[in-house]
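Residue-level structural notes
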Amino acid sequence: MPTTLRKSPSKSASKARVAVKASKPGKVASGGAKPAKLMPGKPAARAARSAKAPKSSLAQPSSVSIARAATKSARAGLTPAPARPAVPATPITRWAPESAPRQTTVKPARAPVSVKPTTVHLKVPGDAARSSEIIIGPGTLVNAPDHLLAPRSAVLIVIDSNVPGAAIEPLIKRLGTAGVRWQASVITASEPAKSLATAERVLADAAAFNLTRHDAIIAIGGGVVTDLAGFVASIYARGISIISCPTTLLAMVDASVGGKTGVNISIGRGQHSELLKNMAGTFHQPRRVVCDPLVLGSLPARQFAAGLAECIKHGLIGAEGGDRKLLAWIGANLAEILKRSPEVLGELITRNVKFKATVVARDERETKADLGVKGGRGVTSRASLAGRMALNLGHTFAHSFETLDGLSWRNADGALQAGPLLHGEAVALGLRCAAELSVRTLGLSKSVAEQLEQMLTAAGLPTRVSGLPDDATLLRRLSHDKKATNRGPRFIGLAPDGSAKLMSTVTQSTMAVCVDSIREP
Ligand SMILES: NC(=O)c1ccc[n+]([C@@H]2O[C@H](COP(=O)([O-])OP(=O)(O)OC[C@H]3O[C@@H](n4cnc5c(N)ncnc54)[C@H](O)[C@@H]3O)[C@@H](O)[C@H]2O)c1
């Protein structure tokens, strides 16, 4: 159930007090609850509980005081990391997976250093109004929320219940100081909650708060929240501005860049029900995206690894976004990435955002693949150039596993993990299948596929699972992919030169062999 936090109108902004009440579906809480202070280092949802709100289902994760860590390290006078050694020119092959230590416990982000934020501009050709400014750097959200203060009179903050309070308290204070009216809708993030029903509740919150089309939505959370809030922003009052503050690695490097929004649709009933991922959605570019690596300090290790799957995917097709060395860079820096060094994370996010922004700017609506347009070259009947669809490498397979129950796998330490899979974990398995497909049909070297598997494992991701349904069930699920045509599901393959190919005529037996490559007996 979403919870609504509301600014207490009588309190000064600098005191940043909120009145908190769990709302009924589709209804904005209208006061009556005792004001509570947002507590640094506590998840946003905890403010709700401490205000004696009615019991809600919000989860209570362990929290990390990012602000405290930040101050401590600033006092320690840390300096920027030394220049990195030259990155090997050949992707993957120079990377030694055994040199990358694994991280199994969650560590808070190290102190911020004086790294200047980087700004990446995603320009949609011919439509300046729909261009995005993506600001990346340690402290951009935690310490310097100025970036978020657009000249708005009101904002609806759609926030993930697991985001630590310390990450948002400065923003709330600044909004108050600037005289911006605000209200928060708290979402408990999950794939089933990424639904039309939740979107409707947020729309109702916006309407009850009298949000106008000149106001804005601020989304603070993982991909579930940024996708859902983006969807709401694209249809509320026929479209209002959204500012995204992604708080998971996956949302920073992928979900909040490029303007795709969406919710899942559930079909069937009971045992036969299926969640169709992002089946309802829009294109709506965020006005601004703020990526602060410090907020990743509280992210569980499994969620962090899930974000790395998308980075590795970007690395595999780095040539498409003008960064042929991305995969090798990830391999060379994996140890520091897993330690969550803010500077290295800043660079990881920046390189991935630049990559994705380049691909999206060339083909925002994913139409180039169908036309076969890229660099003036034509298409072959077997595999055409992919445009933005290149970003779907591994995703057709991934979507067919993502919502399956009953899966299990062993991580690199031998510990048993049980499903359901996170999106990034499904992507890791999907990348493995896509590599198999590419070896079989496009002539990709087997050694690339093997090294991909090693890199995914070192990053803490699954590459084989037990409990997959039979091939017939999986092929039926593949045919439900929303990018399928009447000729069947479409896949992205990886060519030996690093380019991505769109494949629409893959035979059922080849699909089955690819799926079997991740089957653990
Ligand atoms: N729009 C796009 O282009 C695009 C691209 C890729 C993925 N996606 C979508 O993104 C979603 C997956 O995103 P995700 O991996 O961020 O998952 P998520 O949003 O479910 O977040 C993962 C978990 O981390 C918690 N969390 C978020 N920030 C936290 C923080 N700082 N500290 C502690 N916990 C935190 C969340 O509450 C949740 O429990 C999927 O729905 C996928 O379809 C969209």
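Anything mentioned here points back to the structure above.
Description of the structure in this document. Position numbers for residues start from 1 in each chain and track the written sequence from start to end. Whole-chain, interface and lining totals are the exception, using all residues; otherwise, since this is a predicted model, local features are given only for residues with pLDDT of at least 70 and side-chain atom pairs are given and counted only at 80 or more. For side-chain calculations, the full set of non-hydrogen atoms in the structure is used, while hydrogens and water are omitted.

Only DSSP runs of H or I reaching four residues or more are called helices, and only runs of E reaching two or more are called strands; each is numbered from the N terminus. The secondary structure content of the protein amounts to 15 helices and 17 strands. Only heavy atoms matter for contacts: two residues are in contact if any of them lie within 4.5 Å across the pair. In the protein, of all internal contacts separated by at least 6 residues, the share reaching a separation of at least 24 is 76%.

Looking now at the pairing of strand β17 (residues 500-503). Residues A500 and L502 point to one face of β17 and K501 and M503 to the other, with burial holding for every one of them. Think of it this way: DSSP has to see at least two bridges between two strands before they count as a pair. Across 4 bridges, strand β16 (residues 491-494) lies against β17 in antiparallel orientation. Residue pairing across strands places L494 opposite A500, the latter belonging to β17. The hairpin formed by β16 and β17 contains 5 residues between the paired strands, and G498 there has a positive phi angle of roughly 90°. With a 1.4 Å probe rolled over the protein chains alone, any residue whose accessible area is under 20% of its type maximum counts as buried; one over 50% counts as exposed, and the rest are partly exposed.

What follows deals with the site of the ligand. Summary of the distance rule: residues count as near a molecule or strand when at least one heavy atom falls within 4 Å of that molecule or strand. The environment of the ligand is made up of 24 residues, and the closest members are D160, E191, K194, T247 and T248. Polar contacts, as counted here, are pairs of nitrogen or oxygen atoms within 3.5 Å of one another; within protein the pair requires one atom able to donate a hydrogen and one able to accept it, and residues that are adjacent in sequence qualify only if both atoms are side-chain atoms. Residue D160 places a side-chain N or O atom 2.5 Å away from an oxygen atom belonging to the ligand. Here an oxygen atom of the ligand sits 2.9 Å away from a polar atom, N or O, in the main chain of V224. For the shell around the ligand, the secondary structure elements donating two or more residues are α5 (223-235), α6 (249-255) and β11 (274-283). In this classification, Asp, Glu, Lys and Arg are treated as charged, Ala, Val, Leu, Ile, Met, Phe, Trp, Tyr, Cys and Pro as nonpolar, and every other residue, Gly included, as polar. Grouping the amino acids of the shell around the ligand by side-chain chemistry returns 7 nonpolar, 9 polar and 8 charged.

By convention, a stacked pair of Phe, Tyr or Trp rings (six-membered ring in the case of Trp) has centres within 6.5 Å and planes under 30 degrees apart, an edge-to-face pair has planes over 60 apart, and any other such pair is tilted. In the structure shown here, the tally under the stated rule is 1 aromatic pair. The residue whose ring lies beneath R181 is F209, and the NZ or CZ to ring-centre distance is 4.2 Å. The ring of F304 has R340 lying over it, and the distance from NZ or CZ to the ring centre is 4.4 Å. For a Lys NZ or an Arg CZ to count as sitting over a ring, it must be within 6 Å of the ring centre and within 35 degrees of the ring normal.

This brings us to the nonpolar core. Ranked by internal contacts, the top residues of the largest apolar core, which has 107 residues, are I157 and F401. Sequence-distant contacts of F401, that is, excluding residues within four places in its chain, are made with L407, L421, A426, L429, G430, C433, L468, L474 and I518. Take the buried residues of types Ala, Val, Leu, Ile, Met, Phe, Trp, Tyr and Cys, join any two whose side-chain atoms come within 4.5 Å, and each joined set is a nonpolar core. Residues V158, A199, V202 and I240 belong to the second largest nonpolar core, which totals 22 residues.

Moving on to the environment of K339. Position of K339 among the secondary structure elements: in the loop between α8 (326-338) and α9 (342-362). Note: C-alpha distance between K339 and G297 (42 residues apart in sequence) is 9.8 Å.

The salt bridge definition used is simple: a Lys or Arg side-chain nitrogen within 4 Å of an Asp or Glu carboxyl oxygen. Tallied over the full model, the rule gives 18 salt bridges. Taken together, the salt bridges that share partners define one network made up of R432, E436, R440, E453 and R464.

Take unusual backbone geometry next. Although it is not a glycine, A237 sits at a positive phi angle of roughly 50°. Under the relative-accessibility criterion, A237 is labelled partly exposed at 33%. Although it is not a glycine, N278 adopts a positive phi angle of roughly 50°. With respect to the element layout, N278 can be found in strand β11. Of the residues examined, N278 reaches a relative accessible area of 19% and is grouped as buried.

In this section: helix α14 (residues 471-479). Quick reminder: α-helices carry 3.6 residues per turn. Residues three or four places apart thus point the same way. Those residues of α14 lying buried are L474, L475, R477 and L478. Down the axis of α14, the sector holding all buried residues measures 160°, keeping them to one side. The elements touched by buried residues of α14 are β11, α11 (395-402), β16 and α15 (508-516). The directions from the helix axis to the C-beta atoms are what the arc is built from.

A word on the pairing of β11. Alignment of strand β10 (residues 260-267) against β11, held across 7 bridges, turns out to be antiparallel. By the bridge assignment, K260 is partnered in β11 with F283. In this structure, the hairpin formed by β10 and β11 is closed by a connection of 6 residues, where G268 is found at a positive phi of approximately 75°.

On to the packing of α14 against α15, then. The axes used here are C-alpha line fits, helices contributing only the stretch in contact, and every angle between their N-to-C directions lies in the interval 0 to 180 degrees. Contact pair α14 / α15: the axes reach a minimum separation of 10 Å and the direction vectors enclose 110°. With respect to α15, the axis of α14 lies roughly perpendicular. Seen from α14, the contacting residues are D471, L474, L475 and L478; seen from α15, they are Q508, M511, A512, V515 and D516. Residue classes in the contact of α14 with α15 are distributed as 6 nonpolar, 1 polar and 2 charged. We call two directions roughly parallel when the angle between them is under 35 degrees, roughly antiparallel when it is over 145, roughly perpendicular when it lies between 65 and 115, and oblique otherwise.

By themselves, these are just geometric observations and shouldn't be taken as functional.
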